[in-house]
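# Per-entry structural report
Chain by chain, the residues:
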Amino acid sequence: MTQYDGELSPPFEIVEPAHWRAPIIFNSPHSGSVYPGEFLNASRIDLAALRRSEDSFMDELVGHLSERGFPVVTVNFPRSYVDVNREPYELDPRMFTGRLPSFANTRSMRVAGGLGTIPRVVGDGQEIYHERFSVDDALGRIEALYKPYHRALRRLINKAHQKFGAVILVDCHSMPSVGVSRDEPRRPDIVIGDRYGTSCAPLLPELIEDTFAGLGYSIGRNKPYAGGFITEHYGNPASGLHTVQLELNRAVYMDERRRERGPRFAQVAADFAAIAERLAEVPLSDFGPFQAAAE
């Protein structure tokens, strides 16, 4: 499971505009749909079940923004294979033969739920693998896919930070229209996650909420999704690094059962462009005092 040259080439893509409209990066880490053959052979569930974990078409909803002057990052491998929105070594020892390295985080809530860096289950709780596989395979995926993605994302963020003095990273996801728990209330159209105010200046989610609400969307904040590893790890508003996670209700833009684009697809893509333009209009100084990039 470590030969990626053919099936997963390239594993991710970064499209930078010729001229940056603003230091606003759109990232789609969970829309990957290229499944390695060996992964499918090792899975006890079929491709349709695996694909229920995808943020289907989110890469298309934001991909056109590079033409408007905003860099776009998309991942081509599926999150059920390697999840880049986790710590690098959130791993469940019950999945593997061999001993995990001592620095692996084996006790996080995400690992307990089966959704670590190498997931044990798909989003609806179905077990992925027939049997355990080697620790070396798991670590190989992290070295070949996870780490290069994060190195490239960090370089892009640093480039924008050095050029503009501040960066906004918009981490774009989609969520099932209904939750697993029957007790969960009806999900809104958009959930904005800012790690409860810690990953960005307050103005960023406020602007996004006002803009989406003005376009007719219902909005939630931080529940059930406050932002994952990417939002937490790259968000440092005191240094001018602002990250926010957007979870779009799949019923808004697609047929979840058939996995097809819905009648509102083009309009939703246009609405993401409206968000980008609205954020680009705001002077970076409005996001609050922060340290200079050299500090």
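So, here is what we can say about the structure in this document. What you see is a predicted model; the values in this text were computed from it and never measured. (Residues numbered from 1 in each chain as written. Predicted model: local features only at pLDDT ≥ 70, side-chain atom pairs only at ≥ 80, totals over all residues. Heavy atoms only, no water.)

### Let's talk about empty space enclosed by the protein
A probe as big as a water molecule, rolled over the atoms, marks out the empty space that is left. Spelled out, the test is: Within this scheme a cavity is a closed region of a 1 Å grid, computed over the protein atoms alone, that accommodates a 1.4 Å probe without allowing it to escape, whereas a pocket is open but has protein on both sides within 12 Å along at least five of seven lines; lining residues each have an atom within 4 Å of a point. Grid points are joined across faces, edges and corners, and a volume is the space filled by probe spheres set on the points. For this classification, Asp, Glu, Lys and Arg are treated as charged, while Ala, Val, Leu, Ile, Met, Phe, Trp, Tyr, Cys and Pro are nonpolar and the rest, including Gly, are polar.
Taken as a whole and assessed by the stated rule, the structure comprises two cavities of 30 Å³ or more. Volume-wise, the largest cavity comes out at about 40 Å³. Lining the largest cavity, in full, are Ser53, Arg79, Ser80, Asp83, Leu115, Pro119, Val121, Val122, Gly123 and Ile128. Residue composition of the lining of the largest cavity, grouped by class: five nonpolar, three polar and two charged. Size it by volume and the second largest cavity reaches roughly 30 Å³. Around the second largest cavity sit Glu90, Leu91, Asp92, Met95, Val111, Gly114, Leu115, Gly116, Ile118, Pro119 and Arg120, which together line it. Across the lining of the second largest cavity, the residue classes break down as six nonpolar, two polar and three charged.

### Some points on the sheet that holds strand β8 (residues 219–221)
What counts is decided by this rule: The pairing criterion is simple: DSSP has to find at least two bridges between the two strands. What counts as a helix is a DSSP run of H or I of at least four residues, what counts as a strand is a run of E of at least two, and both are numbered from the N terminus. A fitted line through C-alpha atoms represents every axis, and for helices the fit uses only the stretch in contact; the resulting angles, taken between N-to-C directions, go from 0 to 180 degrees. What makes two residues a contact is simply this: any of their non-hydrogen atoms within 4.5 Å.
Taken in spatial order, the seven strands line up as β1-β3-β2-β6-β9-β7-β8 in an open sheet, and their pairing is mixed. A strand with exactly one partner marks an edge of an open sheet, and here the two such strands are β1 (12–15) and β8. Going across the sheet, the axis of each strand differs from the next one's by a mean of 20°, ignoring polarity. Examined bridge by bridge, strand β6 (residues 167–175) and strand β9 (residues 241–249) share nine bridges and lie parallel to one another. Within β9, the position partnered with His173 by the bridge is Glu247. Where helix α9 (residues 265–280) meets the sheet, it contacts β2 (24–28), β6 and β9, and its direction lies at approximately 150° from that of β2.

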